[in-house]
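Structural characterization, general
What follows is the residue order along each chain.
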Amino acid sequence: MFFDISSLQPVTKVFGSLFVLLLVATLVSFLLSRSKPQTDHTELTQRINSWWIMMGVFALSLYMGPMVTILMFAMLSFIALKEYFSMTPTRLVDRRVLFWAYLTIPLQYYFISIGWYGMFIIFIPVYAFLFIPFRMVLAGETKNYLRAVGNIHWGLMLTVFTLSHLAYLVVLPNEAEVKNLMVSGSGAALLLYLVLLTQLNDVSQYIWGKLFGKNKIAPAISPNKTREGLIGGVLTTGLLAMALAETLTPMLWWHGLLVGLGIGMAGFIGDVSLSAIKRDIGIKDCGQLIPGHGGILDRLDSLTFTAPLFFHVIRYCYY
């Protein structure tokens, strides 16, 4: 299954702008390292280099078509779920149950690949959520049973169900004709729109918070989050969403503004929700897979909340 290349022109223009932006960031990082050699710029350099790799992989998957994009997100869900189970306490007796949790990934993404929306939307929060406690009961261990069930359920919800909405975006405009060899690139545009806004929302909230942040929102969970950073980031995301709405989505500009404001708020909630988990466990990052960023889950935390929100708004209103 391939995207119609001619319909990917808006996507290509946006990626071109991102390429220029990263080029400027790379140049600034290089000049800083030369002008201030006494200051350690290692983390900044690592972050920028990682963004080059992430953008390259993301762009390549989009241009190679929906099936490759779906496979990429299936792999991301697997890595994210593995990070989650690695950092959260799991009972020894439940190790075999984790096999069934991992098995939900290929099934969930298979339903996406054939455009089966009904099963996609209920498979994990209904069938998987009912089967896994049953499988745990068969182990015969009741100590910390409720905590163990909740831990696995939340892991599936956070790393598989919510993230799979990203993959469904690429087949959403053509779910009635998903078996065709050639599909429109509008699904790729929707995905790029969401990922771009969510990631830039994280960056803009950080920048606004550094420049004007005074009033902390949740100091016990994320000490660097401020009201000024949140407001500035949400407004910035809303304006960018408005500017790109008619280029990458079927939305009018004012619809894009409202959706962008929602993405800004949802991204913040996703970020602090994962921070709360890490605070509870007592760790800083979910992993070390991405230099300068942490683990996959650290990079996708905001998307776990923005993806379902954006997907259902778009599907309900436009498809």
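Anyway, here's the lowdown on the structure attached to this text. (Residues numbered from 1 in each chain as written. Predicted model: local features only at pLDDT ≥ 70, side-chain atom pairs only at ≥ 80, totals over all residues. Heavy atoms only, no water.)

A word on the overall build of the chain
Each helix and strand counted, the chain has 11 helices and 2 strands in total. Reading the chain from its N terminus to its C terminus gives the helix and strand order β-α-α-α-α-α-α-β-α-α-α-α-α. Taken over the C-alpha trace, the chain has a radius of gyration of 20 Å; the compact-globule value for 319 residues is 20 Å, and the two agree within 12%. C-alpha extents for the chain along the principal axes are approximately 65 × 50 × 30 Å. Counting the 319 residues in the chain, one finds 49% classified as buried. Within the chain, contacts between residues separated by at least 24 positions form 74% of all contacts whose residues are at least 6 apart in sequence. Summed over its atoms, the accessible surface of the chain is roughly 15900 Å², and 69% of this surface lies on carbon and sulfur atoms. (Helix = DSSP H or I, 4+ residues; strand = E, 2+ residues; numbered from the N terminus. Rg over C-alpha atoms; globule rule 2.2 N^0.38 Å. Buried < 20%, exposed > 50% of the residue type's maximum accessible area, 1.4 Å probe, protein only. Contact = heavy atoms within 4.5 Å. Areas by Shrake-Rupley, 256 points an atom, 1.4 Å probe, with all protein chains shown as cover.)

Side note on the packing of aromatic side chains
For the structure shown, the criterion picks out 21 aromatic pairs. Ring centres 5.2 Å apart and planes at 75 degrees place the aromatic pair Phe99 and Trp100 in the edge-to-face group. Pairing Tyr117 with Phe120 gives two aromatic rings, centres 6.1 Å apart and planes at 45 degrees, and the pair type is tilted. Placement of the pair is Tyr117 and Phe120 together in helix H5 (residues 117–137), with a separation of 3 residues, close to one helical turn. Against the face of Tyr117 rests Arg315, its NZ or CZ located 3.5 Å from the ring centre. (Phe/Tyr/Trp six-rings, centres within 6.5 Å; stacked < 30°, edge-to-face > 60°. Lys NZ or Arg CZ within 6 Å of the ring centre and 35° of its normal.)

Examining the packing of helix H1 (residues 9–35) against helix H7 (residues 186–212)
Two measures define how a pair of helices packs: the angle their axes make with one another and the distance between the axes. Remark: H1 packs on H7, axes separated minimally by 10 Å, with the N-to-C direction vectors making an angle of 30 degrees. Between H1 and H7, the crossing angle belongs to the class labelled roughly parallel. Counted together, Val11, Val14, Phe15 and Leu18 of H1 and Ala188, Ala189, Leu192 and Leu196 of H7 form the full contact between these two elements. Looking at the contact of H1 with H7 residue by residue, the classes come out as 8 nonpolar, no polar and no charged. (Axes fitted to C-alpha atoms, helices over the stretch in contact; angles between N-to-C directions. Parallel < 35°, antiparallel > 145°, perpendicular 65-115°, else oblique. Nonpolar A, V, L, I, M, F, W, Y, C, P; charged D, E, K, R; others polar.)

Some thoughts on the environment of Ala59
Of note, Ala59 is situated in helix H2 (residues 42–63). Assessed through its relative accessible area of 14%, Ala59 is described here as buried. When the C-alpha atoms of Ala59 and Arg279 are compared, they prove to be 33 Å apart, with 220 residues separating the residues in sequence.

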